[in-house]
Amino acid sequence: MTSAPAEPPVVVVVGAGPRATGLLERIAANTAAGYGGPDPAFVLHLVDPYPPGPGRIWRREQSPLLWMNSMAEDTTLFTDETVEIEGPVVPGPALHDWAGIEGRTFPDRRTQGAYLRWAYEQARAALPPGIVVREHRTRAVRLEGPREGRQSVWLADRESPLTADLVVLALGHQEAELAPEERRFAAHAAREGLTYLPPDYTADTDLRGLRAGEPVLVRGLGLAFVDLMVLLTEGRGGRWTPEGHYVPSGKEPILYVGSRRGVPYHVKLGYRLEGELPELPRFFGPEQTTGLLAREGPLDFRADVWPLVAKELGWAHYHRLLTTRPHAFAVDRDAFESGYAAADPYDGSLDAFVRTAVPEAADRLDLDALDRPLAGWTARTQEEAQARLLAHIDADLDRRHDPAHSEDLAVFMALLSVYGQLMRLGDLGTWWHGFFSFLASGPPGPRLRALRGLAEAGLVRFLGADMTVRAVDGAFEARSASLPEHAVRARALVEARLPQPEAGRVRDPLLRGLFTAGALATEDGLLAVTPGDGRVRWNDGSTHSRLFALGPHTDARGAGAFTRPRTNSPAFRQNDATARALLAGVSGTGVPGTGVSGAAVASEGGGAGTVGVSGAGPAAVAVAPAFVPVPVAGAASGEGAGGLSAGPSAGSSDLQSAGSSDVQSAGPSGVLSAGPSGVLSAGPSPETSADSSAGPEPGPDPDAGSVSVPTTTSAVKESVR
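Participant: Honestly, the overall build of the protein chain in this entry has me stumped. Any pointers?
Facilitator: A count of helical and extended segments in the protein chain gives 16 helices and 25 strands. Residues counted as buried form 60% of the 721 residues belonging to the protein chain. Put simply, of all contacts in the protein chain between residues at least 6 apart along the chain, 75% involve residues at least 24 apart. Roughly 26000 Å² of accessible area belongs to the protein chain as shown, and the carbon and sulfur atoms make up 52% of that amount.

Below is the structure:
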């Protein structure tokens, strides 16, 4: 009597956007190299209501006015020789190579979506015949099962669950239930017939309640605001003249905008850094992070970590200043470098040394002033505040496009180095991410010039810093610390920011149920995972033997779904470790019944129950397949859009943490790579800042000597759907 063949193992991946696509690529690469056995066989279910690859954020069905916030040459989903992984390196094209566009352009999001869809199809086609992929265009709503046994994944459109041996949650950024103030505002709007738009991804927000010619209060001056600004102006038929003046359509509202800082994010840097590069990391590298990890008790970011971060950023600033303007120092180079290295960042001696060695305050790096440029400043009238903000924008555009201030680009490089090191420490709260985004992930020049042009046209009016809003009879009323004697009332209020799913406000039912069952959550509502392979941590200190989570809904959120080439991306390292843990599980060498028995932990930071993946040794570079660039019409070149860089999820957005495509991590070695030319690129070069698409950008480009205005990039050709 013959026994029935055993059913193949099952892996369920919830979320099918860029992060899941990267994981699939690593599964294909490792199986092709023989990891997981000669004939790996299992069923892999992908669950997401949006298309696999692009997902929600990068889907084709969105306005072509919405651009990426990363240059095409800074966007890849493929590994290279800098990535420190156990699995094989399989090179592939960055976005600009694939699309056949100039590398320093900022494409629209639909172009990126086409690239992600292509990458997904390539990865799926590269899987061996025994791995069967099944797509489910629906949401996962519940996860059940003992931590030591198979899991049940319940879907919104099925009466019976998927039974899984291993589960990966690639959920992305999470939507959140309204905070108490947001609930009060929503109730007030319902009672009074007003419009209130709570935090959301701007592209999915219904803006029809924002009426032409009426005032609208907007809280937030980051990248969500940039999207809002574009959709309410060009998106309603406005246009730019060749001279850079905005011609309204008559359908635009008037935006009264403020925020905590009261100023827009710093514009993208507009030049390349050449010459002597700062040695990074110098004062905040693996040695320092290891020391912080060895401390007992939780770390306080501002007290324990920030002094070291500030010293590292200062080192980059002063190293570059010593190279370009040595006359700014009262001591010679050797004396400054030795004194700076010896000074303690915790007790005030570092600040005292810098004040003595660098006499002029304008030459020093003042991180507090950078973080709060309007602190202590007040205006009596809105017109005075408007003039102050326009001057701030002009100064930012001038400085960030002037190589004479290349110490700013050196600090940007240090921010990237620091970001990679901080990932070892886990999530440290929201302040650092906001600070990083403000300095490093702002809009490209044309978007900031467009904001200035709209302000001059009377369609954007600045309220300043520490904006507060209250509900009054028949309206919302806004005030700010910058305008203490001025108030603005409007029937509409927009929260121009992403939701913050703090603990207890996570909307996703699967994740909420997981927290209830005992998964460890941070104070910010993030799912705690082992940083190496993303295994979910539990409140009792153990880790779930069958459950992984990848992406910005975890406390390893700094690893974006895609990143710059040649930067040893943390996401790629984590994807590879997770893929190998999954293959170990389904091949019978790991979790009992499916895989990982008691192997040592290969990923740093793993805890009890963490899958240990060993094997393959140093990564071998595989032969890349023949990639054929597909031309895309009309990408905006040079300085592009101020859009949100993001990816999809199952039922929410897998937005990259702000600017994470700007994050290049040094990895365990902590060394930043400047590429074969020795030149590190951190923004568009002046000579390529003119828009090559259908129309000009607003205002003359001071570097290129040409006129440029934001315009719609063309749709992706039908051939790249």
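Participant: Looking at this structure, I do not really get the pattern of salt bridges. What am I missing?
Facilitator: Enumeration over the complete set of coordinates arrives at 41 salt bridges. Of the charged contacts in the structure, one is a salt bridge between R219 and E495, with a shortest N-O distance of 2.8 Å. With R219 in strand β10 (residues 215–219) and E495 in strand β19 (residues 492–495), this residue pair connects regions lying 276 residues apart in the sequence. Judged by relative accessible area, R219 falls into the buried class, the value being 13%. Of the charged contacts in the structure, one is a salt bridge between R295 and D304, with a shortest N-O distance of 3.2 Å. Salt bridges here are not isolated pairs; linked through shared partners, they connect R56, R59, E175, E177, D200, D204 and R507.

Participant: Even after reading the chapter, I still don't get helix α16 (residues 570–586), so can you show me in this structure?
Facilitator: With 17 residues, α16 extends 24 Å between its outermost C-alpha atoms, agreeing within 8% with the 24 Å of an ideal straight helix rising 1.5 Å per residue. Most of α16 is tucked away: 17 of the 17 residues are buried. At the exit of α16 stands G588, carrying a positive phi of roughly 90°.

Participant: Before we go on, may I ask you to explain unusual backbone geometry in this structure?
Facilitator: Glycine aside, the phi torsion of most residues is negative, and most peptide linkages are trans. Note that the residue after L280, namely P281, is joined by a cis bond; omega there is -10°. As for its position among the elements, P281 is in the loop between β14 (272–273) and α6 (286–293). Not every positive phi belongs to a glycine, and D466 is a case in point at roughly 50°. Mapping D466 onto the fold places it in the loop between β15 (460–465) and β16 (468–472). Positive phi values are uncommon outside glycine, yet N568 reaches one of about 50°.

Participant: What should I look at first to understand the pairing of β10 in this one?
Facilitator: The element β10 is extensively covered by neighbouring structure, given that four of its five residues are classed as buried. As judged from the three bridges shared by β10 and β19, these two strands associate in the parallel manner. Bridging from a neighbouring strand, L217 pairs with L493 of β19.

Participant: Would you mind going over the packing of helix α11 (residues 382–399) against helix α14 (residues 445–456) with me for this structure?
Facilitator: The relative placement of two packed helices is expressed as an angle between their axes plus a distance between the axes. Their axes nearest at 11 Å, the elements α11 and α14 cross at an angle of 160°. The orientation of α11 with respect to α14, classified from their angle, is roughly antiparallel. Judged by the sense of rotation from one axis to the other, the crossing of α11 with α14 is left-handed. Where α11 abuts α14, its residues Q386, L390, I393, D394, D396 and L397 lie against G445, L448, R449, L451, R452 and A455.

Participant: When you look at the environment of F301 in this model, what are you seeing that I'm missing?
Facilitator: Mapped onto the elements, F301 comes out in helix α7 (residues 301–324). With a relative accessible area of 7%, F301 lands in the buried category. Spatially, the C-alpha atoms of F301 and L428 are 6.2 Å apart, while their sequence positions differ by 127 residues. Once residues within four sequence positions are removed from consideration, F301 is found in contact with W306, P307, L422, L428, W431 and W432.

Participant: Hey, could you run me through the packing of aromatic side chains in this one?
Facilitator: Each aromatic ring pair is characterised by the separation of its centres together with the angle its planes make. Evaluation of the coordinates by the stated rule reveals 28 aromatic pairs. Ring geometry for F185 against F476: centres 5.5 Å apart, planes inclined by 80°, an arrangement best described as edge-to-face. Here F185, found in helix α4 (residues 180–192), pairs with F476, found in strand β17 (residues 475–480); they are 291 residues apart in sequence, far enough to count as distant. F476 shares its class with F185; the two are buried. For the pair F301 and W432, a centre-to-centre distance of 6.2 Å together with 45° between the ring planes defines the contact as tilted. One end of the pair, F301, is in helix α7; the other, W432, is in helix α13 (residues 430–440), and 131 residues separate them in sequence. Taken individually, F301 and W432 each receive the classification buried, so the pair is uniform in this respect. One aromatic cluster is present, formed by F283, W315, Y318, F329, F336, Y340 and F353 through successive ring pairs. Positioned over the ring face of W67 is R447, at 3.8 Å from the centre of the ring. Over the ring of Y35 we find R580; its NZ or CZ atom is 3.8 Å from the centre of that ring.

Participant: Even after reading the chapter, I still don't get the sheet that holds strand β18 (residues 483–490), so can you show me in this structure?
Facilitator: Hydrogen bonds between backbone atoms are what pair the strands of a sheet, whose relative direction is either parallel or antiparallel. Read across the sheet, three strands follow the order β16-β17-β18 without closing on themselves; strand pairing throughout is antiparallel. In the strand order of this sheet, the two ends are held by β16 and β18, each with one partner. If you compare each strand with its neighbour and ignore which way they point, the axes differ by 25° on average. Seen against the sheet, α4 touches β16 and β17 and runs at an angle of roughly 35° to β16.

Participant: What is the right way to look at empty space enclosed by the protein in this model?
Facilitator: Empty pockets left among the atoms are what a rolling probe the size of a water molecule brings to light. If you walk through the whole model with that rule in mind, you get eight cavities of 30 Å³ or more. Size it by volume and the second largest cavity reaches roughly 70 Å³. Broken down by secondary-structure element, the contributors of at least two residues to the lining of the second largest cavity are α5 (223–232) and β19. Residues that form the lining of the second largest cavity fall into these classes: seven nonpolar, two polar and three charged.

Participant: How should the pairing of strand β2 (residues 42–47) be read in this particular structure?
Facilitator: Along a regular strand, successive side chains alternate from one face of the sheet to the other. Most of β2 is tucked away, with six of its six residues classed as buried. Side chains of β2 alternate between two faces, with F42, L44 and L46 and V43, H45 and V47 buried alike. Pairing geometry for strand β1 (residues 10–14) and β2, over five bridges, is parallel. Counted as the bridge partner of V12 is H45 from β2. For the crossover from β1 across helix α1 (residues 18–32) to β2, the handedness is right-handed. Relative to strand β4 (residues 131–136), β2 runs parallel, the two sharing six bridges. Its bridge partner being in β4, V43 is matched across the sheet by V132.

Participant: Teacher, can you tell me more about the sheet that holds strand β5 (residues 140–144) here?
Facilitator: Strand order in the open sheet formed by three strands is β5-β6-β7, with antiparallel pairing between adjacent strands. The open sheet has two edge strands with one neighbour each: β5 and β7 (162–164). The average undirected angle you get between the axes of adjacent strands in this sheet is 25°. Across three bridges, the pairing between strand β6 (residues 151–155) and β7 is antiparallel. In the strand pairing of β7, V153 is matched with L162.

About the thresholds
Residues numbered from 1 in each chain as written. Predicted model: local features only at pLDDT ≥ 70, side-chain atom pairs only at ≥ 80, totals over all residues. Heavy atoms only, no water. Helix = DSSP H or I, 4+ residues; strand = E, 2+ residues; numbered from the N terminus. Buried < 20%, exposed > 50% of the residue type's maximum accessible area, 1.4 Å probe, protein only. Contact = heavy atoms within 4.5 Å. Areas by Shrake-Rupley, 256 points an atom, 1.4 Å probe, with all protein chains shown as cover. Salt bridge = Lys/Arg side-chain N within 4 Å of Asp/Glu carboxyl O. Expected span 1.5 Å × (residues − 1). Pairing = 2+ DSSP bridges. Axes fitted to C-alpha atoms, helices over the stretch in contact; angles between N-to-C directions. Parallel < 35°, antiparallel > 145°, perpendicular 65-115°, else oblique. Left-handed = near helix turned anticlockwise from the far one by under 90°. Phe/Tyr/Trp six-rings, centres within 6.5 Å; stacked < 30°, edge-to-face > 60°. Lys NZ or Arg CZ within 6 Å of the ring centre and 35° of its normal. 1 Å grid on protein atoms, 1.4 Å probe; cavity = no way out; pocket = protein on both sides within 12 Å on 5 of 7 lines; lining within 4 Å. Points joined across faces, edges and corners; volume = space filled by probe spheres on them. Nonpolar A, V, L, I, M, F, W, Y, C, P; charged D, E, K, R; others polar. Right-handed = clockwise from strand over helix to strand, strands pointing away.

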